[in-house]
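Inside the fold
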Amino acid sequence: MAAASGPQGDQLQLEATSESCWQLWQAVRAKRPLVHCITNFVSMDIMANVLLAAGCSPAMAHSLDEVESFVTISSALLVNMGTLSSDWVAAKKLAAKKAVELGKPWVLDPVGCGATPVRTASCLDLLACRPTVVRGNASEVLALAGAAGSSGVKGVDSTAASGDAVEAAKSLASKHGCVVAVSGEVDYVTDGQALVAVRNGSPLLTLITAAGCSLTALIAAFLVVAPGQPLMATSHALAVFGLAAEEGLQLAPRPGPGSLRVALLDCLHLMERAAVVEGARIEVVS
Ligand SMILES: Nc1ncnc2c1ncn2[C@@H]1O[C@H](COP(=O)(O)OP(=O)(O)O)[C@@H](O)[C@H]1O
Ligand SMILES: Cc1ncsc1CCOP(=O)(O)O
Ligand SMILES: [Mg+2]
């Protein structure tokens, strides 16, 4: 199995440990991967700033006549289904197919899947383009798996808990040969067989629009330096993002979504080894 490349180009064999998480993040910071983001209007600013703060180089490009060229010069692709429109879907599918053709990691964020038939159909279209990783909230993952049932979806927000979507995530991962991450109070990551739990984060993140979108883009960056290890790379990105939020809450005297949005960027930029080694909570459940 291919291993992650460390800051000195050495090969990291990733583990479900906080030290491994730190090492992989250092590899991301050292490489500063160019992440091509085809994303919704709401998320563009915070996603680009989260990637910059975490040590990456973001580029938002969605034009049908440019996406293939941009995938070619990038290290990873993020496809986000928010603010849906048909001409953008065509560009997303073209970009995804180019990423697969070039063997580059690409990640799908099925924003609001289940909210409307056309949105669900578009998310399924992109799922059929073979993403490396899918990251969504519980309602989105349930809807993608056709298991939403009566729980329904409230726009882009989840009405279900992440634990409710673990079986749906495993089914999707097995069927599509990808990794599926379900975010929530506990983030779960599965390749269809193994299941990893990440216990970092804050409920306040759900009050920062596009926090989840930005998290998915960070996963794309972590995949770049961990070829062949998408399960662990995804788990490490989830831990880093959630931990940055926890650290951010310490910075504000009376933290709210506005101060956390700012503090999150500062913590992603400033966080050092001790905070990650002491704070990242990654566990192999099965
Ligand atoms: N109850 C919670 N406790 C701690 N962290 C949470 C909670 N709910 C969501 N998060 C975190 O918020 C971020 C966004 O997750 P979520 O809101 O599920 O995604 P989305 O924004 O796509 O709906 C993730 O890092 C997740 O771990
Ligand atoms: C509010 C909204 N509407 C379309 S996309 C979007 C942002 C969703 O961001 P997230 O999925 O991270 O909550
Ligand atoms: Mg989302």
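Within each chain, residue numbers correspond to sequence positions counted from 1 in written order. Starting at A for chains and at 1 for ligands, labels are handed out in the order in which the entities are written. Reporting in this predicted model follows two pLDDT cut-offs: at least 70 for local features of residues, and 80 or more for side-chain atom pairs to be given and counted; totals over whole chains, interfaces and linings ignore these cut-offs and use all residues. To obtain the side-chain values, all non-hydrogen atoms of the structure were included, while hydrogens and water were left out.

**A short note on the pairing of strand β7 (residues 133-137)**
Along any regular strand, the residues point their side chains to alternate faces of the sheet. For β7, the buried fraction is high: five of the five residues fall into the buried class. On β7, burial covers both faces: V133, R135 and N137 on one face and V134 and G136 on the other are all buried. At least two DSSP bridges between two strands are needed for those strands to be called paired. The numbering of helices and of strands both runs from the N terminus, where a helix is a DSSP run of H or I of at least 4 residues and a strand a run of E of at least 2. When strand β6 (residues 106-109) meets β7, the two strands line up parallel, connected through two bridges. Counterpart to L108 in the pairing with β7 is V134. Call a crossover right-handed when, viewed with both strands pointing away from you, the route from the first strand across the helix to the second goes clockwise. The β-α-β motif built from β6, the intervening helix α5 (residues 117-127) and the parallel element β7 has right-handed crossover chirality. Where β7 lies against strand β8 (residues 179-183), five bridges are found, and the strand directions are parallel. Directly across from R135, in β8, lies its bridge partner A181. Burial classes: relative accessible area under 20% of the type maximum marks a residue as buried, over 50% as exposed, and values in between as partly exposed (1.4 Å probe, protein chains only).

**Section: the UniProt feature "transmembrane region" (unreviewed entry) in the protein chain**
Here the UniProt-annotated "transmembrane region" (unreviewed entry) positions come out as residues 204-226. Summarising residues 204-226: 61% helix, 0% strand, and an end-to-end C-alpha distance of 30 Å. UniProt positions are given in the numbering used here, feature names are shortened, and annotations may be inferred rather than shown by experiment.

**Section: the packing of helix α2 (residues 44-54) against helix α8 (residues 211-224)**
For helices, the axis comes from a line fit to the C-alpha atoms of the stretch in contact; other axes are also lines fit to C-alpha atoms, and the angle between any two N-to-C directions lies between 0 and 180 degrees. The N-to-C vectors of α2 and α8 enclose an angle of 40°; their axes lie 9 Å apart at closest approach. Judged on the interaxial angle alone, α8 and α2 are oblique. As α2 packs across α8, the resulting crossing turns out to be right-handed. Across from I46, M47, V50, L51 and A54 in α2, the residues of α8 making contact are C213, S214, A217, L218 and A221. Polarity classes work like this: nonpolar for Ala, Val, Leu, Ile, Met, Phe, Trp, Tyr, Cys and Pro, charged for Asp, Glu, Lys and Arg, and polar for all others, with Gly in that last group. Here the contact of α2 with α8 is built from residues that sort into nine nonpolar, one polar and no charged. Roughly parallel means an angle under 35 degrees; roughly antiparallel, over 145; roughly perpendicular, 65 to 115; everything else is oblique. Helix crossings are classified by the rotation of the near helix relative to the far one: an anticlockwise turn of less than a right angle makes the crossing left-handed, while a clockwise turn makes it right-handed. In what follows, a contact means two residues having at least one pair of non-hydrogen atoms within 4.5 Å.

**Examining the packing of aromatic side chains**
Only Phe, Tyr and Trp rings take part, Trp by its six-membered ring, and two of them pair if their centres are within 6.5 Å. Stacked means planes under 30 degrees apart, edge-to-face means over 60, and tilted covers everything else. Per the stated rule, a full pass over the model turns up two aromatic pairs. When the centroid spacing of 6.4 Å and the interplanar angle of 75° are considered together, the rings of W22 and W25 count as edge-to-face. Of this pair, W22 and W25 are both found in helix α1 (residues 18-31), three residues apart, which corresponds to roughly one turn of the helix. Plain terms: the ring middles of F41 and W88 are 5.2 Å apart, the flat faces sit at 65° to each other, and that makes the pair edge-to-face. Taken as a pair, F41 in the loop between β3 (34-38) and α2 and W88 in helix α4 (residues 86-102) lie far apart in primary sequence, 47 residues in all. A relative accessible area of 9% means that W88 is categorised as buried. We count a charge as sitting over a ring when the NZ of a lysine or the CZ of an arginine lies within 6 Å of the ring centre and within 35 degrees of the ring normal. Its guanidinium or amino end placed over the ring of W25, R29 lies 3.9 Å from that ring's centre, counting from NZ or CZ.

**Focus: the state of the cysteines**
When the sulfur atoms of two cysteines come within 2.5 Å, that pair is taken as a disulfide. Inspection of the entire model under this criterion finds zero disulfides. C56 supplies the cysteine sulfur nearest to C21, a cysteine that is in no disulfide, at a spacing of 13 Å. Taking relative accessible area as the criterion, C21 reaches 0% and is therefore assigned buried. No disulfide involves C267; its sulfur sits 15 Å from that of C21, the nearest cysteine. Under the relative-accessibility criterion, C267 is labelled buried at 9%.

**Side note on the site of ligand 2**
In the vicinity of ligand 2, the contacting residues are N40, V42, G82, T83, V156, T209, A210, A211, G212 and C213. Between ligand 2 and A211 there is a distance of 3.4 Å, counted from an oxygen atom to a backbone nitrogen or oxygen. Surface accessibility in these figures is a Shrake-Rupley result with a 1.4 Å probe; residues are shielded only by whichever protein chains are displayed. Considering ligand 2 on its own, with 380 Å² of exposed area, one finds that the protein chains cover 78% of that surface. The cavity that encloses ligand 2 is the largest pocket. Its residues assigned to classes, the shell around ligand 2 comprises five nonpolar, five polar and no charged. Being near a molecule or strand, for a residue, comes down to having at least one heavy atom within 4 Å of it. Any pair of N or O atoms that falls within 3.5 Å is considered a polar contact. Within protein, one atom must be able to donate a hydrogen and the other to accept it, and sequence-neighbouring residues count only if both atoms are side-chain atoms. In this analysis a 1.4 Å probe is tested at points of a 1 Å grid over the protein atoms alone, and where it fits but cannot get out there is a cavity; an open set with protein on both sides within 12 Å along at least five of seven lines is a pocket; lining residues have an atom within 4 Å of a point. Molecules are considered to sit inside a cavity or pocket once more than half of their atoms lie within 2 Å of its grid points.

**Digging into the site of ligand 1**
Near ligand 1 there are 16 residues, and of these R135, N137, S183, D187 and S202 occur at the shortest range. The fraction of the free accessible surface of ligand 1 (550 Å²) that becomes covered by protein chains is 85%. In a pocket analysis with a 2 Å cut-off to the grid points, ligand 1 is assigned to the largest pocket. Elements with a contribution of two residues or more to the shell around ligand 1: β7 and α8. Classifying every residue of the shell around ligand 1 gives five nonpolar, eight polar and three charged.

**Details of the side chain of R135**
Counting through the fold element by element, R135 comes out in strand β7. Judged by relative accessible area, which is 4%, R135 ranks as buried. Polar side-chain contacts of R135 include one of 2.8 Å to the side chain of D109. Among the polar contacts made by the side chain of R135, one reaches the main-chain carbonyl oxygen of G212 at a distance of 2.8 Å. For R135, the contacting residues outside a window of four places in its chain are L108, D109, P110, A181, S183, G212, C213, L215, T216 and I219.

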